[in-house]
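As a plain string of letters, each chain reads:
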Amino acid sequence: MRLPRIVEPLRHRDFRLLWTGQTVSVFGDFVHNVALPFQILALGGGPLELGLWGAIFSGATLVFSLLGGAIADRFPRRSVILASDLVSGAIVGAIALLAATGDLRVEHMYAEAAFFGAAQSFFHPALNALIPELVPPEVLQAGNAVRGASRQIALLGGPVVGGLLVAFAGLPFAFAADAATFFIAFAALVVAHPPRHEPPPPAPLLRQVREGLAYTFSVPWLWIFIFAWAIVLLGMVGPLGVAMPILVRDVLRGDARLYGLITAAIGVGEVVTSIVLAQVRIRRLGIAICLFAILGGLSIAGIGLVPAAGATMVFAAGFGAQFVGVGILWMTAVQKHVPRELLGRVLSIDAFGGTLLLPLAPVAFAAIVAALGPSPAFVIGGAIALVIAVLLLLVPSIRELE
């Protein structure tokens, strides 16, 4: 009997090990994401401090992203992922220890943001460039969907567990749980033996970066979408990262448990969309990506227009559908059309473009929240994302992308 397309990538042992470890790790990430804002608030912070954490994280990602892609093309991608998991686990473990001893300060949280941002700059290009080495081309879209399912599975339970851990076990325990998941992901990939990635002949890193930039700017749909998407992310990430905790606390009158449930609702939208995309083949990738982006802009604006707990969960699910829809289809397009030897560098340029405005997003939306409140911040952010998504749909090379 023929297996459903969504499980075909899991027939490959090394992909299965990578997927298992990263699913556990992403589960821990969502526990961390619930604990983080409430830890900053517990330390006396507010919208500005929440915004600064996000700005530092995004700034570090931006600074190291181009270098991260060159490293992913220069060294074995498995080794880059292992190093990132190990360093990240040590960082969060240190935060847990400081929180448990009462020595944690908001400056330590800012240092965590910087280390996390730098680590992610190396991790994501290596991970996304490794996927085509683990599954055959005919199941690549399904492979991306299954890898994305790591996030969706984690998103269904991680925020709820995170909220419960914060409420009943305390913030230090939540951070310690996240640290443990990084070490589990490390152990799972240690026993995997993917095909050896043969790096190109040694060349100066700056020359490799220039080669990646030259290729990216020679392909119109690639560079236009990358840098336009930075504006979309500005409108989406800003209110979600800064305004959502304030909306939950001050407008919806909730706590970490409600925050976790809203975050889990994003996971519901992601799971449904991931399953659908793993079962079907999308021919017009560019049009589908833009339609998902339009859904995301409408969902973000809707959270601000209808500030009620039930409606917020529905709109959060819509945002989740957008997030995974754009992510799977865009990654599939890049992996299919970009030469394998340039893939790590192009993916790092993609990350660089996407994070270009993220250091500004938390600070800008912290100011909007302080001046107007959390609900208008969502309306403004959603409108920004919606306008850019519609304009992208008008670009011929994006509409024709298959």
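Presented here is a report on the structure given in the accompanying data block. (Residues numbered from 1 in each chain as written. Predicted model: local features only at pLDDT ≥ 70, side-chain atom pairs only at ≥ 80, totals over all residues. Heavy atoms only, no water.)

Okay, the overall build of the protein next. Along its length, the protein carries 15 helices and 0 strands. The C-alpha radius of gyration computed for the protein amounts to 20 Å, which stays within 12% of the reference 21 Å derived for 402 residues, consistent with globular compactness. Viewed in the frame of its principal axes, the protein has a C-alpha envelope of about 55 × 50 × 45 Å. Counting over 402 residues, the protein shows a buried share of 57%. If you take every contact in the protein between residues at least 6 apart in sequence, the share linking residues at least 24 apart comes to 87%. Carbon and sulfur atoms make up 72% of the accessible area of the protein, which totals about 15,700 Å². (Helix = DSSP H or I, 4+ residues; strand = E, 2+ residues; numbered from the N terminus. Rg over C-alpha atoms; globule rule 2.2 N^0.38 Å. Buried < 20%, exposed > 50% of the residue type's maximum accessible area, 1.4 Å probe, protein only. Contact = heavy atoms within 4.5 Å. Areas by Shrake-Rupley, 256 points an atom, 1.4 Å probe, with all protein chains shown as cover.)

Attention now goes to the environment of Ala228. Assignment of secondary structure puts Ala228 in helix 8 (residues 220–251). Apart from residues lying up to four places away in sequence, Ala228 is in contact with Ile388 and Leu392.

Counting residues in each nonpolar core, the largest one holds 93 residues, and the members touching the most others are Leu222 and Met244. If one sorts the elements of this core by residue count, helix 8 sits on top with 17 residues. Of all hydrophobic cores here, the second largest spans 19 residues; its members include Phe15, Val80, Leu82 and Leu134. (Core = buried A, V, L, I, M, F, W, Y, C linked by side-chain atoms within 4.5 Å.)

This next bit is on helix 12 (residues 343–354). If you check helix 12, its first and last C-alpha atoms are 16 Å apart, about what 12 residues at 1.5 Å a residue would give, namely 16 Å. The buried count for helix 12 comes to 10 of 12 residues, which makes it a mostly enclosed element. Taken together, the buried positions of helix 12 are Leu343, Gly344, Arg345, Val346, Leu347, Ser348, Ile349, Asp350, Gly353 and Gly354. (Expected span 1.5 Å × (residues − 1).)

Here we take up the packing of aromatic side chains. Note on aromatic pairs: each is described by the distance of the centres and the angle between the planes. Under the criterion given, the structure shown has 9 aromatic pairs. Aromatic pair Phe217 and Trp223: ring centres 6.1 Å apart, planes at 35 degrees, arrangement tilted. Using a relative accessible area of 32% as the deciding quantity, one classes Trp223 as partly exposed. For the pair Phe319 and Phe323, a centre-to-centre distance of 6.2 Å together with 45 degrees between the ring planes defines the contact as tilted. Taken as a pair, Phe319 and Phe323 lie in helix 11 (residues 309–337) at a separation of 4 residues, close to a single helical turn. A connected cluster of aromatic rings, assembled from ring pairs, spans Trp221, Phe225, Trp229 and Trp330. (Phe/Tyr/Trp six-rings, centres within 6.5 Å; stacked < 30°, edge-to-face > 60°.)

A grouping of Leu156, Val268, Val272, Val276 and Val280 is seen on the molecular surface, where their side chains present a nonpolar patch of about 370 Å² in accessible area. In terms of residue count, helix 9 (residues 256–279) provides more of the nonpolar patch than any other element does, 3 residues in total. Residue placement: Leu156 occurs in helix 5 (residues 140–169). (Patch = residues over 30% accessible without salt bridge, like charges linked within 9 Å, V, L, I, M, F, W, Y side chains within 5 Å. Salt bridge = Lys/Arg side-chain N within 4 Å of Asp/Glu carboxyl O.)

A side chain with one charge can pair with a side chain of the opposite charge if their charged atoms come near. The final tally for this structure, using the stated rule, is 2 salt bridges. In this structure, Glu107 and Arg105 form a salt bridge, with 3.5 Å as the shortest nitrogen-oxygen distance.

Taken N-terminus to C-terminus, the directions of helix 3 (residues 77–101) and helix 6 (residues 171–190) make an angle of 160 degrees; their axes are 8 Å apart at the nearest point. Classified by the interaxial angle, the pair formed by helix 3 and helix 6 is roughly antiparallel. Considering only the axes of helix 3 and helix 6, their crossing is left-handed. Taken together, the residues that form the contact of helix 3 with helix 6 break down as 19 nonpolar, 3 polar and 3 charged. (Axes fitted to C-alpha atoms, helices over the stretch in contact; angles between N-to-C directions. Parallel < 35°, antiparallel > 145°, perpendicular 65-115°, else oblique. Left-handed = near helix turned anticlockwise from the far one by under 90°. Nonpolar A, V, L, I, M, F, W, Y, C, P; charged D, E, K, R; others polar.)

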